[in-house]
Amino acid sequence: MKLKSAPEDFQVEEQTDVVPSEGPFAFYRLSKQGLGTPEAVQEILRIWGLPRNRISYGGLKDRHAQTMQHLTIHRGPRSGLTDRSFGLEYLGQVPSPFGAKDIASNRFKIRLRGIDNARIAELSHRAEDSKLNGLINYFDDQRFGSIGYSGELIGVPWCKGDYERALYLSMAEANPHDRPREKEQKGILRDYWGQWEKCKAILDRSHRRSIVTYLVDHPVGFKRALALVRQDLRGIYVAAFQSWVWNRWLSSLIEACGQPEPCRWLESKCGPLALPVAGNPQEGNSQNGNTEAGLSWSELSRSQLPLPSAREHQWPAGTLEALQKVLEPFGMEVREMRLKYPRDTFFSKGQRSILLRPTRIESDWEPSLEQTDRSHWRLQFELPRGAYATMVVRQWTLENVELEDDPEPSGIDDPNPDALEPQVDASEQSQ
């Protein structure tokens with residue numbers, strides 16, 4: 001089945017309780033289509049001639065979709081802005097910048113095309129069942145757009161203090177999402193890594209070349225050079241590692257829960273992710289109802305798991321050993337999941353619910369005009385911030401949905417690279 005065949009097939013509207021009042025921050029509603037959030041933000045900054053640190057928003061919204069979200073600009077224009085691919089509506093003034101904490105939920109309208117009519121009853125039942133039993137709140141593959149062909153996570157060498165490898169992965173690692181220009185520029189760095197004068201002479205003027213310019217004067221200054229990578233992208237790289245570990249950790253805990261049937265498995269960029277079988281899983285493998293990891297399914301399903309990092313010290317009983325095993329292939333322990341430099345980038349601390357329950361679910365079917373034995377599934381539902389609509393759809397359908405990949409950014413260049421020089425901001429990335 002296909003998702004995002006057209007932008008109108010995937011619509012998301014950000015919900016917030018923020019009400020305009022007064023303050024130094026201009027508050028806007030951004031509506032866009034065919035444009036990612038970073039590209040739209042960069043265009044707004046270019047048109048109004050503003051520096052990047054004046055603008056703030058809560059999350060990244062899909063490129064291949066019709067989306068609405070909110071943002072603030074410190075002492076921004078008290079007017080709207082219209083461009084070919086987006087519209088910016090001025091809503092008033094607020095006292096503080098808009099961030100992830102200000103997102104109450106996201107409302108989705110989705111159309112899945114070309115579903116076999118024989119599956120209508122099955123899929124409708126799964127959607128209805130999720131209201132009661134919920135779904136597993138995994139991070140979906142969009143979270144891992146920064147992982148290149150090597151499969152290496154930038155956060156691993158960064159935590160280990162291998163700043164050169166972390167910088168190489170962020171600047172030069174080939175990635176399936178690279179656009180032609182990005183692919184070419186990365187290829188230059190791979191071919192001439194360490195020959196900074198030559199790289200500078202060949203590379204386009206860009207954020208990437210600005211970092212190379214620093215390396216011309218400081219040939220092995222990889223630690224400082226990594227800090228010159230855009231702060232928002234450094235946050236994405238760190239979040240990808242943390243989310244990868246969280247997914248693998250939760251999957252291992254679910255697998256350890258005793259169930260009447262083997263787990264189902266969902267393919268992902270993190271590897272196969274365990275899903276509990278439908279219905280009421282058994283309470284555990286042992287006579288007292290505990291799993292090998294120390295939790296029964298009923299206990300686990302009602303829990304939250306902390307975002308793993310050395311900053312966290314309170315682990316749910318019976319889960320730390322499983323987390324340590326996830327990190328073993330990296331040659332790391334939990335206490336090593338921390339960044340020593342730069343100080344403005346660090347692992348987020350917080351809790352993530354294991355179960356996800358979509359709310360306000362509406363579902364209907366329309367016949368396909370092209371194939372009489374198939375139909376299109378029209379869905380509406382609401383999710384809390386940080387949850388992935390594509391993960392909901394994948395668990396309802398139990399198959400990989402065909403869609404245009406829309407990952408978080410994979411490379412360090414801006415859509416308009418000449419407009420932004422390296423800078424280090426002091427703000428925490430929200431997860």
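The structure this text deals with has already been given above.
What you see is a predicted model; the values in this text were computed from it and never measured. (Residues numbered from 1 in each chain as written. Predicted model: local features only at pLDDT ≥ 70, side-chain atom pairs only at ≥ 80, totals over all residues. Heavy atoms only, no water.)

A. Main features of the nonpolar core. If you look at the biggest cluster of nonpolar residues, it comprises 71 residues, and the most contacted ones within it are L167 and F241. For this core, the leading source of residues is helix α9 (residues 231–256), giving 13 residues. With residues near it in sequence (within four places) discarded, F241 still touches L153, G155, V156, C159, L327, F330, M332, M337 and F347. Core analysis: the next-biggest nonpolar cluster, separate from the first, contains 21 residues, F108, L112, L123 and V392 among them. (Core = buried A, V, L, I, M, F, W, Y, C linked by side-chain atoms within 4.5 Å. Buried < 20%, exposed > 50% of the residue type's maximum accessible area, 1.4 Å probe, protein only. Helix = DSSP H or I, 4+ residues; strand = E, 2+ residues; numbered from the N terminus. Contact = heavy atoms within 4.5 Å.)

B. Quick look at the pairing of strand β4 (residues 66–74). Of all nine residues in β4, seven are buried; the element is thus mostly enclosed. Pairing of strand β2 (residues 25–33) with β4, which is carried by nine bridges, proceeds in the antiparallel orientation. Following the sheet pairing, S31 is matched in β4 by M68. Two strands pair when backbone bridges link them, and strand β3 (residues 55–57) and β4 are joined in this way by three bridges, in the antiparallel orientation. (Pairing = 2+ DSSP bridges.)

C. Seen up close, helix α11 (residues 320–327). Looking at α11, one finds that the buried residues are A322, L323, V326 and L327. The buried residues of α11 occupy an angular sector of 140 degrees when projected down its axis, which confines them to one face. Exposed and facing more than 90 degrees away from the buried side of α11 are E321 and K325. On its buried side, α11 packs onto α9. (Arc of directions from axis to C-beta.)

D. Up close: the pattern of salt bridges. With the rule as written, the count across this model stands at 24 salt bridges. Across the pair E182 and R208 runs a salt bridge, and its minimum N-O distance is 3.0 Å. Of this pair, E182 sits in helix α5 (residues 180–192) while R208 sits in helix α7 (residues 207–217), and the two are 26 residues apart along the sequence. With a relative accessible area of 12%, E182 lands in the buried category. Look at R208 and you get buried, because its relative accessible area is 0%. The partner of R360 in a salt bridge is E382, and the shortest N-O contact between them spans 2.7 Å. Here R360, found in strand β14 (residues 359–367), pairs with E382, found in strand β15 (residues 374–383); they are 22 residues apart in sequence, far enough to count as distant. Assessed through its relative accessible area of 53%, R360 is described here as exposed. Via salt bridges that share partners, D9, R111, R113, E366 and R378 belong to a single interconnected network. (Salt bridge = Lys/Arg side-chain N within 4 Å of Asp/Glu carboxyl O.)

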